[in-house]
Amino acid sequence: MTRSERHAQRLLRCYPRVWRERYGEELAALLLDDFADRQRSLRRDLDVVRAGLGARLVAGGLARGPVRSPAAARAITTAALVGFVASALSIWAQLADGWLTSPRDSVSAPVSFVALTIGLGGLLALSVALLLRLAVAVGRAFRSSGATLLARPLLVLVAGVAGLTVGLRLTSPYWPGARLAHHDGMLAPVARIGWAATETISTFWLHPTRLLTLPTGELAWMVACPVAVTGLVWSLVRLARVSDLRPARLPHVDAATRAAVLLCLIAASAWVVGSQHAADANYRAGTLDLVLIAVMAGVASRWSLLNGLEAGQKVDHFG
């Protein structure tokens, strides 16, 4: 392979696989012709890179275009959902901490906390229903094709669940509100778990001197938690693909999901924005919470992401 061919192949990697399989040979030929006239051109290379990144957005369903990838759409959908839930849960954990440790200073914080609890509870119920459907589909696939394709994702699933269970159990006692929390039934234990599950979402990462003051086990968990969640989510997505689980086309389920997402966004935004301007707020949201709200709003505003599994069945796929 000549130097020009290697250069063309490197530029082609900027494009998604499904695009390369359809247009790769044609673009490679055009690039080689252009290399013959001008071997080096930063403007040309940057233009190819820009177009390649745009093609990747199209492949994932984030922009309009001719070539899309169901796999990319599923990956972006999953990442968006995980980011939304993690952001909402982080804000919920802060509100729960304030509910248990601070006096009620206004109506907005308790109302936001209750509304966010209802919204996350709705998403949890929908997730449980989906997991039940997945379990049935996995059982059916196990009987028909055996454990060959299911073994790896099932092992990763078990490892992810085990890692999260052990990590949450060991880390939750570090909850800062443990000594100040009132005894509000099951809220304190749940708040402790919610704090441990979202401890990775922290501004400590921007302040290494403060980060290194944390206990070693807590630091290890802040790194291990995203790894365990990634493995868990990957295994579930993989199991859904292997077992050929199709998204249920139920309008009332779609409407319930939309309502839960919107309720979470409104409730979280009401407290984060409201507490920023409340002079007498006992429990105030930080700058990081504004970022979390932006993440939630970004996911909610692109509802097509939340329907990526269904959209993935309708878009063009090559390969």
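Residues numbered from 1 in each chain as written. Predicted model: local features only at pLDDT ≥ 70, side-chain atom pairs only at ≥ 80, totals over all residues. Heavy atoms only, no water.

Draft legend 1. The pattern of salt bridges, seen in detail. This model, assessed by the stated rule, comprises five salt bridges. A salt bridge links Arg44 to Asp34; its shortest N-O distance comes to 2.8 Å. With Arg44 in helix α3 (residues 42-59) and Asp34 in helix α2 (residues 17-37), the pair connects residues that are ten residues apart, well separated along the chain. Close ionic contact of Arg44 with Asp45 constitutes a salt bridge, the shortest N to O distance being 3.2 Å. For the pair shown, Arg44 and Asp45 are each scored as buried. (Salt bridge = Lys/Arg side-chain N within 4 Å of Asp/Glu carboxyl O. Helix = DSSP H or I, 4+ residues; strand = E, 2+ residues; numbered from the N terminus. Buried < 20%, exposed > 50% of the residue type's maximum accessible area, 1.4 Å probe, protein only.)

Draft legend 2. Representation of α3. The end-to-end C-alpha distance of α3, which contains 18 residues, comes to 26 Å, matching closely the 26 Å that a straight helix rising 1.5 Å per residue would cover. Buried residues of α3: Arg44, Asp45, Val48, Gly52, Ala55, Val58 and Ala59, and no others. Across the axial projection of α3, the buried residues extend over an arc of 135 degrees, all falling on one side. Seen from the buried face of α3, the exposed residues on the opposite side, beyond 90 degrees, are Leu42, Arg43, Leu46, Arg50 and Leu53. Packed against the buried residues of α3 are α1 (3-12), α2 and α4 (70-101). (Expected span 1.5 Å × (residues − 1). Arc of directions from axis to C-beta. Contact = heavy atoms within 4.5 Å.)

Draft legend 3. Structural context of the packing of aromatic side chains. With the rule as written, the count across this model stands at four aromatic pairs. Measuring from ring centre to ring centre gives 4.0 Å for Tyr15 and Trp19, while their planes differ by 25 degrees; the resulting arrangement is stacked. The residues Tyr15 and Trp19 share a single accessibility class, namely buried. Three or more aromatic residues joined by ring pairs form one cluster here, namely Tyr15, Trp19 and Tyr23. (Phe/Tyr/Trp six-rings, centres within 6.5 Å; stacked < 30°, edge-to-face > 60°.)

Draft legend 4. Local environment of the environment of Ala300. Considering the arrangement of structural elements, one finds Ala300 in helix α11 (residues 287-301). For the pair Ala300 and Arg258, spaced 42 residues apart in sequence, the C-alpha to C-alpha distance is 8.5 Å. Apart from the residues lying within four places of it in its own chain, the contact partners of Ala300 are Val261 and Leu265.

Draft legend 5. Up close: α11. Taking 1.5 Å of rise per residue, the 15 residues of α11 would be expected to cover 21 Å, and the 21 Å separating its terminal C-alpha atoms lies within 8% of that figure. Of all the residues in α11, the buried ones are Asp289, Leu292, Ile293, Met296 and Val299. Each buried residue of α11 sits inside an arc of 125 degrees when the element is viewed along its axis, so together they form one side. What points out from α11, more than 90 degrees from its buried face, is the exposed set Thr287 and Ser301.

The analysis is restricted to geometry; functional conclusions fall outside its scope.
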